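In case you want the letters, here they are:
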2 protein chains.
Amino acid sequence: MAIELSNLMERSLSMLSSDHKSVVSMNLFVALLCACIVIGHLLEENRWMNESITALIIGLCTGIVILLTTNGTSSHVLMFSEDLFFIYLLPPIIFNAGFQVKKKQFFRNFMTIMLFGAVGTLISFVIISAGAVHFFKQMNIGTLKIGDYLAIGAIFAATDSVCTLQVLNQDETPLLYSLVFGEGVVNDATSVVLFNAIQSFDLSHINLSIALKFVGSFFYLFIASTMLGVIVSLYALPFPSVCFRLYRHSTDREVALMILMAYLSYMLAELFYLSGILTVFFCGIVMSHYTWHNVTESSRVTTKHAFATLSFVAEIFIFLYVGMDALDIEKWRVVRDSPGKSVGVSAILLGLVLLGRAAFVFPLSFLSNLTKKSSHEKIGLKQQLTIWWAGLMRGAVSMALAYKQFTSSGHTKLHGNAIMITSTITVVLFSTVVFGLMTQPLVRILLPSSKNLSRMLSDESSTPKSFIVPLLGNGQGSEADLKTPNVTRPTSLRMLFATPSHTVHHYWRKFDDAFMRPVFGGRGFVPVVPGSPLEQSVHQWQQE
Amino acid sequence: MAIELSNLMERSLSMLSSDHKSVVSMNLFVALLCACIVIGHLLEENRWMNESITALIIGLCTGIVILLTTNGTSSHVLMFSEDLFFIYLLPPIIFNAGFQVKKKQFFRNFMTIMLFGAVGTLISFVIISAGAVHFFKQMNIGTLKIGDYLAIGAIFAATDSVCTLQVLNQDETPLLYSLVFGEGVVNDATSVVLFNAIQSFDLSHINLSIALKFVGSFFYLFIASTMLGVIVSLYALPFPSVCFRLYRHSTDREVALMILMAYLSYMLAELFYLSGILTVFFCGIVMSHYTWHNVTESSRVTTKHAFATLSFVAEIFIFLYVGMDALDIEKWRVVRDSPGKSVGVSAILLGLVLLGRAAFVFPLSFLSNLTKKSSHEKIGLKQQLTIWWAGLMRGAVSMALAYKQFTSSGHTKLHGNAIMITSTITVVLFSTVVFGLMTQPLVRILLPSSKNLSRMLSDESSTPKSFIVPLLGNGQGSEADLKTPNVTRPTSLRMLFATPSHTVHHYWRKFDDAFMRPVFGGRGFVPVVPGSPLEQSVHQWQQE
C-alpha cells in the first residue's frame, strides 16, 4: 500500500508540478494572513505595535527566509500587481470606510475635511513635485519626464493614516479623530484622481490652456464620481426597500445585493473613467444612511461585520504583500551599483513628505480656526502637530501608484524608474515602521490626558481599530457606542444641539428630513431609543 | 468645458482601451448577478422556476444578445475557466453546505448517505463509462482513449441537486431531504476524487494490479481528505477559544480567522493532492459543531449569513457563467458539420444518466431498508422515485470536469473532444432546465400531502433555499427552526430519543460527550433553551 501511494504521489507530482507552485504560494500566503491576525491580536496589548506593522514585518521576514532558501534568486511568493490592488483590495477598504463613518461628525466637519483632504493634498502635491524637480535634476538619476515628476508628487501625497487611527481615541478626541479619518479618505481619493488626471494628459509642454484643462478635469472627476456613488446607491434602494418589503425578507439576498451594488458602483466609475474610490466611498455613506435601515436586523449585523472583516483582511493582505514584495531581488539589482544615490533619493523624498505636509496642516488649520467661534471647536497647536504626524505614513496606495507609473510601460530596466520604485519601497517601509512605532509615544506626549482613558477604553473595545471604529454619533447601534455608555454620548448629543448652525451638516439635515427620508426611508438623525428591540438585541450579544 | 471634457474622454479612451474591455465585462457581469438575484426573488412565488434556472436562462439570453451584436464572432464575456471554478467558486459552496448541515440528521443517516453518495456514484460511474464505451466506439466520433471514457463516467456521475432541494421540504420529509442533500455533497466529492484518480493513472493498459491501486488510492484520498478537514478545523480552534477567551472578543478577527482557516484547509488539501471538496466539507461540519460555539454572538450571526451569502452568490455566478459560456461559437464551429452526431451523443449520455442513477437508487434503497426495523424509517417507492429524480440534473461540477479533461491538453480542435464539450453543455442545459422545471410538478404528484404545507412554509421561510436551508434538528438557533415553531421540532426530538441506537450517530454522540466537548467546547446536543438570550435575540430580529 505504501509503495502504491508513493507511486501515485510521484506521478501526481510530475503531472501537477506546473500548477503546484501557485498552490504552495497560496497556502503560504493564507497561513501568513492567519498568523498576522493571531499575532496582531496577541500584540494588541503592546500599543507600540499594530496589525499593519506586524503584517509588514512578517512579510519582510518571510521575504528574507525565501531569499535565503532560494540562494538569493527569488524573494517574492506573489508578484505585487496594481490591478489586484485597485480592483479587489482597495474597494472593500474604502467602501467600509464610508459605510462605518459616523455621518454626523463627517458632515459637521465637512468643510475642514475637504480643506485638508483636497486642498491640502494639492499643496502637498505641488511642494513634493517642485522639490523633486529641483533636487533630482541635479542628481542625474536617469530620464524622468515632467509627467514623472508630477506623478511623484501624487504618489507621495497619498497618506496612510491607519496607524494613527489605531492610536487616537474617538471618544476622547472626536474632532481630531474625525479630521484625521475624513482627511485620510478624501486624501486617498484626491491622490488617485490627481494621478489619473496626470496619466491621461500629455504634459510634455505645459501652457495655461492645458493647466486649466487639468484643473477642470480634476473637478469634473471629483464631482462626477461623488454623484455616481450617490446615484447608484440610491438606485440600489428600490430593491431592498420595495421588493423585500412587499414580499418577505431574505437576509442572504439583501447582503448579496448590497455587496454587489457597492462593487457595481466602483466598476461603473472605472467604466466611465471616474474615481472609483470616491464613488464607492459615497456609495458606502448613502447605503449606511438609507439602505441599511430598510433591511432585516440580521442583514444589518451581517453587513456591518462582513464589510468590516473584508476591509480588515484586505488591509492585512496589502501590508503583508508590500512587506513580501519589498525584497524582490530584481528591483534592487538595478540600483545595486549606486546604493548612495538610492539612499539619497529616499531621504529627499522623506524630507519632502515632512515638509509638504507641514506646509498645509498649519496654514489650513489657521484658516479653519478663523471660521470657528467657540474655542473648543478650534484646532490647537498640539492637535495640529498630531494631524501633521498622522499623515506622514505612506502605504499601499503609494506603492500601487508607483508601480502603475514606473512599471506600466514595461521599462523597469530604466535606471530612473528602478530607483523610483526602490525609493518608494524604502519610504513606505521606513515611514510605516519608524514613524508608526513613534506615533503612540508622540500622541501620549502631545495629548497627555488621553493616556489613561484611552488605555481603559481600548481594553473594552472589541473590533480591530483600523478603519473599523466609526466616528462618533449617529447611533447605528454600534458596539462602540454601547460599550461605553457612560462616556461622551451625552456630550456628542449636546454638541450637536448646541452648534448645529452655520455648518453644511445643518443644511444637509434639513434637506434630508424634508426630501430624502420620506422617499428613501432610513432612521435619519433620531437617536436610538433605549430599550428598543434593536438596542436590546445588540446589548444581549455583548453580554453573552 | 464640454469640449475639454470630450477631449479628455477621447484621450482616456485611446489610452485605456486595452484594459477597458475587461472593465466592461465585469460591469456587465456584476449587473447581471444583481439582476439574477432580484428576478429570482420576484419569481420565488412561481415555484416552477428557481434561482439556478433563472441565472442559466439570463446567461443564455445574454449570450444570444452578445452573439447578435457582435455578428456571430463572439458570445462570451468571460471565458469559463475551471481554475476559477475549483479555486474560488466551489470552496464556499461546499464549506457552507458543511457549515449549515444539521449534523444530527446527517450522522443519523450517515451509512445510507455514504451508501448512496460513494457506492452509488461508483455504480453510476461504471454504468456510464461502460455505456459510453459500448455506444461511442460504434459512432466514430474521434479518438477517445480509455481514460477519456472513464472520465466521461466521472463527469456524468456528478449530480447537482440544487433544484430538488429548493422544492423538497425539510420539515415535512426530513429523511428524504437529508438523504438528497447528504448524497449531493458526498457525490460531488466522490466524482472529483474519482476524476482526479483517473487523471493521475496511466490507464492505457489495465490489469488487476492497476485496478487494485486505483481502488486503494480512491480510499486513501477519501479518508485522508476527511481527516485533514477535521484536523485543520480542530487546530483552528485554539485561536478563537483560547486566545479570544483569554483576551477580549473581536468579531472581525474571529470572522476573518474562520474564513481564512476554512480556505486554508481547502488549499492544504490541494497541496497534498487530496480532495479539497471533502476536506472543506468536513471542516465546515467541525467548525459549526465546535468553533461556532466559542465565538461572540455577533460573529455567529455574521458567519452564518456571510457563508450563506458567499455560497449563494457563487452558485448564481456559476449558473450565469455556464449559461453565458454555453453559446461560445468556437466550440460549436467544430461540430457544426455533424449536428446529428452531436445530438445523438447528448441523447445517449442523457439516457445513460437516467439508467446509471436508477441502477443504484432502487437496489441500494432495498439494501438500506433491510437494516431498518421501524417502517417509517424505510424508504418507500415514491421516495425512491424522488431520490432518483433529485440526482438527474447535471451542473457546474460536470462542466468544470469536462473542461479539465477535454481542453487541458490544448487539443480542443480534436473532433472527439469538441463533441464531448458540446454534449456536456447540452446535457447540463437540458437536464437543468427541462428536468428542473418538471421537478416541482413531479414532487407534488409523488408526495401529494406536501403540497399545501410546503407552500405555507415556503411563504414564511426567508433564506434562499439552495444549500442554505439546513437539515432538521441540532438547533443552532437557525431561522428556519424559529420560524416554524409549531411544526416538527417535537417530532424530530422524539425521533432522536426514540431511535438513537444502532446508528453511527449514537456512538458519535457518546464519543463527543466523553472526549471532544470537554476539550473543544461547543454546545453539543443540548436543545436551545427557550427564553435564553441567544433565542431571544434571534427572535427579536425576526420580529423587527
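Residues numbered from 1 in each chain as written. Chains lettered and ligands numbered in written order. Predicted model: local features only at pLDDT ≥ 70, side-chain atom pairs only at ≥ 80, totals over all residues. Heavy atoms only, no water.

Quick word on the overall build of chain A
A tally of helices and strands in chain A yields 23 helices and 0 strands. Here chain A, with 544 residues, has 62% of them falling under the buried criterion. Entry remark: accessible area of chain A is about 20300 Å², with carbon and sulfur atoms responsible for 69%. (Helix = DSSP H or I, 4+ residues; strand = E, 2+ residues; numbered from the N terminus. Buried < 20%, exposed > 50% of the residue type's maximum accessible area, 1.4 Å probe, protein only. Areas by Shrake-Rupley, 256 points an atom, 1.4 Å probe, with all protein chains shown as cover.)

Considerations on the packing of aromatic side chains
Residue and element names in this part refer to chain A. Applying the stated criterion across every chain yields a total of 24 aromatic pairs over all chains. Each ring, one from phenylalanine 95 and one from phenylalanine 307, has its centre 4.8 Å from the other, and the planes form 85°; the classification is edge-to-face. With a gap of 212 residues between them, phenylalanine 95 in helix 3 (residues 82–100) and phenylalanine 307 in helix 13 (residues 297–326) connect regions that are remote in the sequence. Judged on exposure class, the residue phenylalanine 95 and its partner phenylalanine 307 are both buried. Put simply, the rings of Trp388, Trp389, Phe430 and Phe435 pair up and form one aromatic cluster. If you follow lysine 404 out to its NZ or CZ, it ends over the ring of phenylalanine 86, 4.8 Å from the centre. (Phe/Tyr/Trp six-rings, centres within 6.5 Å; stacked < 30°, edge-to-face > 60°. Lys NZ or Arg CZ within 6 Å of the ring centre and 35° of its normal.)

A short note on the state of the cysteines
Going through the model one piece at a time under the given rule, you end up with 0 disulfides over all chains. In this structure cysteine 34 of chain A is a free cysteine whose sulfur lies 9.3 Å from that of cysteine 36 of chain A, the closest cysteine sulfur available. The buried category is assigned to cysteine 34 of chain A, whose relative accessible area is 5%. In this structure cysteine 61 of chain B is not part of a disulfide, and its nearest cysteine sulfur, from cysteine 36 of chain B, lies 10 Å away. We classify cysteine 61 of chain B as partly exposed; its relative accessible area is 43%. (Disulfide = S-S within 2.5 Å.)

Side note on helix 12 (residues 276–289) of chain B
The periodicity of an α-helix, 3.6 residues per turn, causes residues three or four places apart in sequence to face the same way. The end-to-end C-alpha separation of helix 12 of chain B is 20 Å, in line with the 20 Å expected for 14 residues at 1.5 Å each. Most of helix 12 of chain B sits inside the fold, with 14 of its 14 residues counted as buried. (Expected span 1.5 Å × (residues − 1).)

Side note on unusual backbone geometry
Despite not being glycine, tyrosine 273 of chain A has its phi angle at roughly 60°, a positive value. Within the element layout of this structure, tyrosine 273 of chain A appears in the loop between helix 11 (251–271) and helix 12 (276–289).

As for the packing of helix 11 of chain A against helix 13 of chain A
Helix-helix packing: each pair is described by the crossing angle between the helix axes and the interaxial distance. Residue and element names in this part refer to chain A. Relative orientation of the contacting elements helix 11 and helix 13 amounts to 40°, with a least axis distance of 9 Å. It follows from the interaxial angle that helix 11 and helix 13 lie oblique. The interaxial crossing formed by helix 11 with helix 13 has right-handed handedness. Counted together, Thr251, Glu254, Val255, Met258 and Ile259 of helix 11 and Ser298, Ser299, Thr302, Thr303 and Phe307 of helix 13 form the full contact between these two elements. Its residues placed into classes, the contact of helix 11 with helix 13 shows 4 nonpolar, 5 polar and 1 charged. (Axes fitted to C-alpha atoms, helices over the stretch in contact; angles between N-to-C directions. Parallel < 35°, antiparallel > 145°, perpendicular 65-115°, else oblique. Left-handed = near helix turned anticlockwise from the far one by under 90°. Contact = heavy atoms within 4.5 Å. Nonpolar A, V, L, I, M, F, W, Y, C, P; charged D, E, K, R; others polar.)

Considering the environment of alanine 31 of chain B
Residue and element names in this part refer to chain B. With respect to the helices and strands, the residue alanine 31 is situated in helix 1 (residues 2–42). Among the residues examined, alanine 31 registers a relative accessible area of 34% and is labelled partly exposed. Put simply, alanine 31 and asparagine 140 are 109 residues apart on the chain and 44 Å apart in space, counted from C-alpha to C-alpha.

Observations concerning the confidence of the model for chain A
Residues and elements named next belong to chain A. Scored by pLDDT, chain A comes out at a mean of 73, with 72% of its residues at no less than 70. Low pLDDT, under 50, characterises residues 1–18; the stretch is placed with 21 contacts to residues that sit more than four places away or in other chains. Ignoring residues within four places in sequence, the model shows residues 450–501, a span with pLDDT below 50, making 127 contacts including any to other chains. For this predicted complex, the interface confidence score (ipTM) comes to 0.75, while the overall pTM stands at 0.77. (pLDDT = per-residue confidence, 0-100.)

Focus: the nonpolar core
Counting 286 residues, the largest nonpolar core has Phe85, Phe136 and Ile152 of chain A together with Phe85, Phe136 and Ile152 of chain B as its most contacted members. The residues touching isoleucine 152 of chain A, leaving out its near neighbours within four places in the chain, are Ile128, Ala132, Phe136, Leu144, Leu349, Phe406 and Met420 of chain A. (Core = buried A, V, L, I, M, F, W, Y, C linked by side-chain atoms within 4.5 Å.)

As for a nonpolar patch on the surface
On the surface, a nonpolar cluster with roughly 630 Å² of combined accessible area is contributed by Val215, Phe219, Ile223, Met227, Ile231 and Tyr235 of chain A. What makes methionine 227 of chain A partly exposed here is its relative accessible area of 44%. (Patch = residues over 30% accessible without salt bridge, like charges linked within 9 Å, V, L, I, M, F, W, Y side chains within 5 Å. Salt bridge = Lys/Arg side-chain N within 4 Å of Asp/Glu carboxyl O.)

Section: the environment of alanine 418 of chain B
Residues and elements named next belong to chain B. Relative to the assigned elements, alanine 418 resides in helix 18 (residues 415–446). Looking at alanine 418, the relative accessible area reads 3%, which means it is buried. Sequence separation of alanine 418 and threonine 407 is 11 residues, and the distance between their C-alpha atoms is 8.6 Å.

Some points on the pattern of salt bridges
Residue and element names in this part refer to chain A. Counted under the stated rule, the structure contains 2 salt bridges over all chains. Between arginine 357 and glutamate 183 there is a salt bridge; the shortest N-O distance is 2.8 Å. Residue arginine 357 is found in helix 15 (residues 339–371), and its partner glutamate 183 is found in helix 8 (residues 174–199); the two are separated by 174 residues along the sequence. Across this residue pair, the class does not change: arginine 357 and glutamate 183 are buried.

Examining the side chain of aspartate 252 of chain B
Within the secondary structure, aspartate 252 of chain B sits in helix 11 (residues 251–271). One buried charged side chain, aspartate 252 of chain B, makes no salt bridge at all; its nearest oppositely charged neighbour is lysine 304 of chain A, positioned 7.4 Å away. Here the side chain of aspartate 252 of chain B touches threonine 309 of chain A through a polar contact of 3.5 Å, side chain to side chain. (Lys, Arg positive; Asp, Glu negative; His and termini not counted. Polar contact = N/O pair within 3.5 Å; in protein donor to acceptor, adjacent residues only side chain to side chain.)

Examining the environment of methionine 420 of chain B
All names here are of chain B. Secondary-structure assignment places methionine 420 in helix 18. Separated by 14 residues in sequence, methionine 420 and phenylalanine 406 place their C-alpha atoms 7.4 Å apart. The residues contacting methionine 420, other than those within four sequence positions of it, are Phe136, Leu144, Ile152, Val345, Leu349 and Phe406.

Describing the packing of helix 15 (residues 339–371) of chain B against helix 16 (residues 381–390) of chain B
Residue and element names in this part refer to chain B. Two numbers describe how helix 15 lies on helix 16: the axes approach to 9 Å, and their chain directions differ by 140°. Helix 16 is crossed by helix 15, and the crossing has right-handed handedness. In contact with Leu354, Arg357, Ala358, Val361, Phe362, Ser365 and Asn369 of helix 15, helix 16 contributes Gln384, Leu385, Ile387 and Trp388. Split by residue class, the contact of helix 15 with helix 16 holds 7 nonpolar, 3 polar and 1 charged.

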